[in-house]
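Close look at the chain arrangement
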Amino acid sequence: MSDVKGPDPNTPVPSAADLRKTLLEKQLAAMDRDDVIKARQREERAKFADEFFKTHVSDEERAIIRKVVMRAVSDGKMEALVYSFPSDFCTDGGRAINNSQPDWPETLQGKAKELYDRFKLVAQPEGYRLKAMVINFPGGVPGDIGFILNWEQPIA
């Protein structure tokens, strides 16, 4: 015979109002958690934006890009996503990049512009190519821009 007991059959049935109240309390707690998460995300985005526009690309960031590239090479790849940033950090919200317009580099600001300028000066003369593209579309609008560095032999 089992020692496991089921629910006590003598426990009173909760009222429908009590069940609705419990459900409402759970929904309010979930909303509070969501609010905390959204506030934290806003803080992180504000900090990222501040660093993006007010500081230079650090040695650590350049080292990370090198590691990403070397990892891609060791995996047999010919390109790697080396940097990403919100499309609204572009002067046009990422429209020129999304539409592959040739003047897209003119819309870059902050660290993205600095990385692009360094690419033009250092990497492009060594045979690298850089592609910028929208890498996600939250709500159907351009989200983040990705810089993809490519070192594949050009097709003649």
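Chains are numbered independently. Their residues run from 1 in the order of the written sequence. Totals for whole chains, interfaces and linings use all residues, but because this is a predicted model, local features are given only for residues with pLDDT of at least 70 and pairs of side-chain atoms are given and counted only at 80 or more. Excluded from the side-chain calculation are hydrogens and water; included are all heavy atoms of the structure.

1. Some points on the pairing of strand S2 (residues 129-134)
The rule is simple: take the accessible area with a 1.4 Å probe, protein chains only, and divide by the maximum for that residue type; under 20% is buried, over 50% is exposed, in between is partly exposed. Here a strand is any run of E in DSSP of at least two residues, a helix any run of H or I of at least four, and the numbering for each starts at the N terminus. Here S2 shows one buried face, formed by Leu 130, Ala 132 and Val 134, and one open face, formed by Arg 129, Lys 131 and Met 133. For two strands to count as paired, DSSP must find a minimum of two bridges between them. Looking at chain direction, S2 and strand S3 (residues 144-150) are connected through six bridges and run antiparallel. The residue of S3 that forms the bridge with Met 133 is Gly 146.

2. Structural notes on the environment of Gly 6
Relative to the elements of secondary structure, Gly 6 occurs in the segment before helix H1 (16-54). Residues Gly 6 and Lys 21, spaced 15 residues apart in sequence, show a C-alpha to C-alpha distance of 25 Å.

3. Some points on the sheet that holds strand S1 (residues 79-86)
Reading across the sheet, the three strands line up as S1-S3-S2 and stay open at both edges, with antiparallel pairing between neighbours. Either end of the sheet is taken by a strand with one partner, and the two such strands are S1 and S2. Recorded for the sheet is a direction-independent mean angle of 25° between the axes of neighbouring strands. With seven bridges joining them, S1 and S3 adopt antiparallel strand pairing. Across the sheet, residue Glu 79 finds its bridge partner in S3, namely Asn 150. Axis angles are defined between N-to-C directions and span 0 to 180 degrees, where every axis is a line fitted to C-alpha atoms and, for a helix, only to the segment in contact.

4. Comments concerning unusual backbone geometry
With a phi close to 50°, Ser 100 is a non-glycine residue in the positive phi region. Given the relative accessible area of 62%, Ser 100 is considered exposed.

5. Examining helix H2 (residues 59-74)
Between its first and last C-alpha atoms H2 spans 22 Å; for 16 residues at 1.5 Å apiece the expected length is 22 Å, and the two agree. Only heavy atoms matter for contacts: two residues are in contact if any of them lie within 4.5 Å across the pair. Elements in contact with the buried residues of H2: S1, helix H4 (110-123) and S3. Once H2 finishes, Gly 76 follows within two positions and takes phi at roughly 80°, a positive value. Working rule for helices: expected span equals 1.5 Å times residues minus one.

6. Quick word on H4
Taking 1.5 Å of rise per residue, the 14 residues of H4 would be expected to cover 20 Å, and the 19 Å separating its terminal C-alpha atoms lies within 8% of that figure. Inspection of H4 places Lys 111, Ala 112, Leu 115, Tyr 116, Phe 119 and Ala 123 among the buried residues, and these make up the whole buried set. Down the axis of H4, the smallest arc covering the buried residues is 140°, so these residues share one side. Arc definition: it is the arc formed by the directions from the helix axis to the C-beta atoms.

7. A word on the packing of H1 against H4
Closest axis-to-axis distance for the H1/H4 pair is 6 Å, and the angle between their directions is 40°. Considering the angle they form, H1 stands oblique to H4. Across the interface between the two elements, Glu 51, Phe 52 and Phe 53 from H1 touch Gly 110, Lys 111 and Ala 112 from H4. The residue classification treats Ala, Val, Leu, Ile, Met, Phe, Trp, Tyr, Cys and Pro as nonpolar and Asp, Glu, Lys and Arg as charged. All others, Gly included, are polar. Looking at the contact of H1 with H4 residue by residue, the class counts come to three nonpolar, one polar and two charged. To sort the angles, those under 35 degrees are grouped as roughly parallel, those over 145 as roughly antiparallel, those from 65 to 115 as roughly perpendicular, and the leftovers as oblique.

8. Overview of a nonpolar patch on the surface
Patch definition: residues above 30% relative accessible area lacking any salt bridge, with like charges linked at up to 9 Å and the nonpolar side chains Val, Leu, Ile, Met, Phe, Trp and Tyr linked at up to 5 Å. Areas reported here follow the Shrake-Rupley algorithm with a probe of radius 1.4 Å; residue values treat only the protein chains shown as occluding. Salt bridges are defined by distance alone: a side-chain nitrogen of Lys or Arg within 4 Å of a carboxyl oxygen of Asp or Glu. A grouping of Leu 24, Leu 28 and Met 31 is seen on the molecular surface, where their side chains present a nonpolar patch of about 290 Å² in accessible area. Positionally, Leu 24 belongs in helix H1.

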